[in-house]
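Results of the structural survey
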Amino acid sequence: MHLIKSNKVKLLLCSLIFSNLYAQNQTFDEKILSEKRLKNFDLTKEQIQEDSSKLKKDWINPITYQFSNNLGEEYKTQKSMISINQPIFQSGGIYQAIKYADNSYKYANLDLEKQKKELIKEALNLLFMIEKTNLNIQKAQYTLQNAKIDVDRKKEQVLNGFLDASFLDNALLTLNTTKHNLVDLKYQKQELINNFNNISSNDYTKFELPTFILFSEKEFLENNIDLKQIEADVDKKGNYSYMTMAKYLPSINAYYNYSKYHDIDDNIKLTKENEQTFGVNVTVPFDSRTFNDVQSKRIDYLKSKLNLENSLDDEKTFFKTKLEKITMLEERLQITKDDLEVYNSILKIINEEKEAQIKTQSDLDTLQNSQKIKSLDLKIYEIDKQLELLEMYAKLQ
């Protein structure tokens, strides 16, 4: 991982540090989701476990019991039959069936984890956006103060004949726009809070914003939940491809049949005896569709492997794009810091000139408000960085 700008050394050093974000925020994650949503995830996990256990036993045939009551003969008879026909060798198909169940369980578990992390990401994103909106509300309030100062200044200049009335009109329009912007921001904040309440049962003020740090591309790819799920899909389809082929290969079954007759009339003339048969049989299927079926599953398996390669390229691009976005935000942060230094130096001069009665209090207030707006911009850019990192964090297992 390389950064273009030399003044981004700090960012580069941070990117070499890996933080197990899931482990650090596990407690936070569990708290941020509502109990109902967590219960739903728990039930789904139990369902996945049961489905996997069932799938793992699919190669085992059931033992059948049949009871019949014969009413058509001279003597009424009842008969019980127990039948077992169990495969003991399927040219490797049994082993692949068990592996298929394991990889299906892994795939489903990863999919569930993805859903949970997406919901957590959505909740965290809303928390960051609420904080960002709070900062924008503060900015709007300072902008509103400056707009009011500008209207008063323009009004005085127009009344004294120094400016045309159009300047005052423009200042009033700016003031009005700022007021509307502040109203919109307050509504946006409430909308974000309502959306957060849909996910969490706790008040948003009870949560502290987490701080994420960058990590290396290697660690991002090795812990990428999307790639792990696709890898499980490749393994699953590889198992299924072999299972399909084994279906058309020789198999050996062990069988056992037992019949018991019940004399309900206690008739001594009934000569039927209990029967039992057991042994093994070899089955060799001949099906004209064999080649097509096997090839179709093989192609599906090859497609999944290509999908993994394409997804790996996509994730590399995703990581690169996010890193470039963070680099851009770092540059904006530096520009804003430089601007703040300029404001600080000018404020010092303006304050001295005010004491000397060269500048007015409104001049000082305007500049101080602009300085505070720049300070808030720094915090907003930091939140924007965290939002980008959150997108990356959501992809880690």
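The notes below deal with the structure included here.

1. Regarding the nonpolar core
- The biggest cluster of nonpolar side chains holds 40 residues, and the ones touching the most others in it are Ile 32, Leu 33, Leu 124, Phe 196, Phe 220 and Met 392.
- Elements represented by at least two residues in this core include exactly α4 (35–56), α5 (93–159), α6 (165–199), α7 (217–222), α9 (290–355) and α10 (361–393).
- Considering each element in turn, this core owes the most residues, 10 residues, to α5.
- In terms of nonpolar packing, the next biggest core, distinct from the first, is built from 10 residues, Ile 137, Leu 144, Leu 175 and Leu 182 among them.

2. Topic: the packing of helix α8 (residues 225–246) against α9
- It is the contact of α8 with α9, at a shortest axis distance of 9 Å, that shows an interaxial angle of 170°. The orientation of α8 with respect to α9, classified from their angle, is roughly antiparallel.
- Looking at side-chain class alone, the contact of α8 with α9 contains 9 nonpolar, 6 polar and 10 charged residues.

3. Thoughts on unusual backbone geometry
- Unlike most non-glycine residues, Ser 91 shows phi in positive territory, near 55°.
- Locating Ser 91 in the fold gives a position in the loop between β2 (77–89) and α5.
- Of the residues examined, Ser 91 reaches a relative accessible area of 15% and is grouped as buried.
- For Gln 357, which is not a glycine, the phi torsion comes out positive at approximately 65°.

Criteria and cut-off values
Residues numbered from 1 in each chain as written. Predicted model: local features only at pLDDT ≥ 70, side-chain atom pairs only at ≥ 80, totals over all residues. Heavy atoms only, no water. Core = buried A, V, L, I, M, F, W, Y, C linked by side-chain atoms within 4.5 Å. Buried < 20%, exposed > 50% of the residue type's maximum accessible area, 1.4 Å probe, protein only. Helix = DSSP H or I, 4+ residues; strand = E, 2+ residues; numbered from the N terminus. Axes fitted to C-alpha atoms, helices over the stretch in contact; angles between N-to-C directions. Parallel < 35°, antiparallel > 145°, perpendicular 65-115°, else oblique. Nonpolar A, V, L, I, M, F, W, Y, C, P; charged D, E, K, R; others polar.

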